[in-house]
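Residues per chain are reported as follows:
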Amino acid sequence: LDAEEGGYSGTMSRSASSASFLFDHDQEKQSKDSVYTNLAICAVMLNVTFVSWGLLQERMLTRRYPRLTGEYFTYSYALVFTNRFWTLIISGMLLLHFKPRASRSTIIYQYAFPSISNMLSSWCQYEALRYVSFPAVTLFKSLKVAPVMFMGKLLGNQSFPQYDYVVAILIGVGITMFMMSTDELTFDFDVYGEQTNAKWTGVMLLLFFLFFDSFTSQWQSRMFTRHRDLSMIELMFATSAFSSALSLITLVHDGQLWPAFDFIISHSEIQFHFFAFSVCSTVGQLFIFYTIKNFGAVVFAMIMTTRVLISIALSVQLYGHKVTSTGFFGLAVVVGAVCYRIKRKAEGKQLIKWQGMGEKSEKEIELVQEWHQHIDT
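This one's a predicted model, so the numbers in the text were calculated from it and none came from an experiment. (Residues numbered from 1 in each chain as written. Predicted model: local features only at pLDDT ≥ 70, side-chain atom pairs only at ≥ 80, totals over all residues. Heavy atoms only, no water.)

Draft legend 1. Seen up close, the side chain of Ser315. Relative to the helices and strands, Ser315 is located in helix α11 (residues 297–319). When neighbours within four sequence positions are excluded, Ser315 is seen to be in contact with Leu55, Glu58, Phe134, Pro135, Gly320 and His321. (Helix = DSSP H or I, 4+ residues; strand = E, 2+ residues; numbered from the N terminus. Contact = heavy atoms within 4.5 Å.)

Shown next as structure tokens:
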């Protein structure tokens, strides 16, 4: 990733040595057909991996094992640990293969802050499915732009264009319309049929998810700004190592480790689901990095917007969620706002380049921000 804009010049003296990671190719040295072929592969793989990932998540956390008559899998921290552990493995393999220089300016405890917030954001998202439908959770993530701007102001004193504030308001309105008409927001009972005393628990969990996730992305962006010798691979490995250890400690402390393990051993279907869930998450993250690195954040955002629509459509079809006309209108408002933001960000840019066209310029800090804005942690 080049780092020439926004005061980020000269950032990657050593990151340049790891610039080949995630199978980099230079668009400007590729033919037009080759570039579009690579882009099509990215679009297909991002949709396949993350749509499958979301449907598996809903299946594991909201349906019985075996189906209809069995038990619910209630150990959401086990999913957090599984995700982080697989990310640790893949990032470790990348470290061994590409052998980037270790950052000398970072202090190890600095990785703990985004690790903790990332772990908590994942847990809040998984727990929210007990109270809110998967389509609503998926759509709610579009509101990430608002807390990201707040954290950007708080941690980095960043400025944002006025249209981002308008988009955030429209997304909030659309999500409210969708959830109020689609989800029964009484919360006297969760998805497992258990009575709860807390009102609006799912909404509060989603708000905490947005808060922790935006903190993660902005803290990591600040680390890239302050530590010029820090690479994406090292950050990925360090944060996943902290998160794996902390989520494992949490499982042991809460007494969930062995019950979760026994549940998985006792139900062969969830064993396959866990494996597919982890593979989709890991492969999907690699394609996120590859797509943003080679095609930019705007193209990536376009692909992920289609993924949101596909995920909601399949969830409604497979799991019988009811969406009213007001809900569809709210969905249209959110998608329209997101598309408008993409259009504004794309103004004056050549999104797809091939041999004979202008220079490419992307920043690793942009990769981190877009990764957290669109990924399901």
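Draft legend 2. Just the environment of His253, in detail. By the secondary structure assignment, His253 is in helix α8 (residues 232–253). A relative accessible area of 69% means that His253 is categorised as exposed. At a separation of 3.3 Å, a polar atom in the side chain of His253 contacts the side chain of Asp254. (Buried < 20%, exposed > 50% of the residue type's maximum accessible area, 1.4 Å probe, protein only. Polar contact = N/O pair within 3.5 Å; in protein donor to acceptor, adjacent residues only side chain to side chain.)

Draft legend 3. Spatial organisation of the nonpolar core. Phe73, Leu79, Ile171, Ile175, Met179, Ile270 and Phe274 are the most contacted members of the largest nonpolar core, which has 60 residues in total. At 7 residues, the largest contribution of residues to this core is made by helix α12 (residues 325–346). Those residues in contact with Phe274 that sit more than four places away from it in its chain are Met60, Phe73, Ala78, Leu79, Thr82 and Ile264. By size, the runner-up hydrophobic cluster in this structure holds 18 residues, among which are Leu94, Trp219, Leu230 and Met236. (Core = buried A, V, L, I, M, F, W, Y, C linked by side-chain atoms within 4.5 Å.)

Draft legend 4. Expanded view of unusual backbone geometry. Omega for the bond connecting Tyr65 with Pro66 falls within 30 degrees of zero, at -15°, which places this linkage in the cis form. By the secondary structure assignment, Pro66 is in the loop between β1 (64–65) and β2 (71–72). Its identity is not glycine, yet Leu68 carries a phi of approximately 75°, on the positive side. As for its placement among the helices and strands, Leu68 is situated in the loop between β1 and β2. Of note in this structure, Lys99 is not a glycine but carries a positive phi near 50°. With respect to the helices and strands, the residue Lys99 is situated in the loop between α2 (76–98) and α3 (112–128).

Draft legend 5. The confidence of the model for the protein, seen in detail. Summing up the model confidence of the protein, the mean pLDDT is 81 and the portion of residues at 70 or higher is 80%. Predicted confidence is poor over residues 1–22, with pLDDT under 50, and the contacts of this stretch with residues over four places away or in other chains come to 60 contacts. Per-residue pLDDT stays below 50 along residues 355–363; that stretch engages in 36 contacts with residues further than four places along the chain or on separate chains. (pLDDT = per-residue confidence, 0-100.)

Draft legend 6. Broad picture of the packing of aromatic side chains. Following the criterion strictly, the structure yields 16 aromatic pairs and no others. Aromatic side chains Tyr77 and Trp123 sit 6.1 Å apart centroid to centroid with 25° between the ring planes, which places their arrangement in the stacked category. Separated by 46 residues along the polypeptide, Tyr77 in helix α2 and Trp123 in helix α3 bring together distant segments of the chain. When the ring of Trp258 is compared with that of Phe261, the centres are 5.8 Å apart and the planes differ by 90°; the resulting orientation is edge-to-face. Of this pair, Trp258 and Phe261 both sit in helix α9 (residues 257–266), separated by 3 residues, roughly a single helical turn. You can call Trp258 exposed: its relative accessible area is 60%. Here a set of aromatic residues connected by ring pairs shows up, and it is made of Tyr65, Phe73, Tyr75, Phe263 and Phe274. When the ring centre of Tyr65 is taken as reference, the NZ or CZ atom of Arg59 above it lies at 4.1 Å. (Phe/Tyr/Trp six-rings, centres within 6.5 Å; stacked < 30°, edge-to-face > 60°. Lys NZ or Arg CZ within 6 Å of the ring centre and 35° of its normal.)

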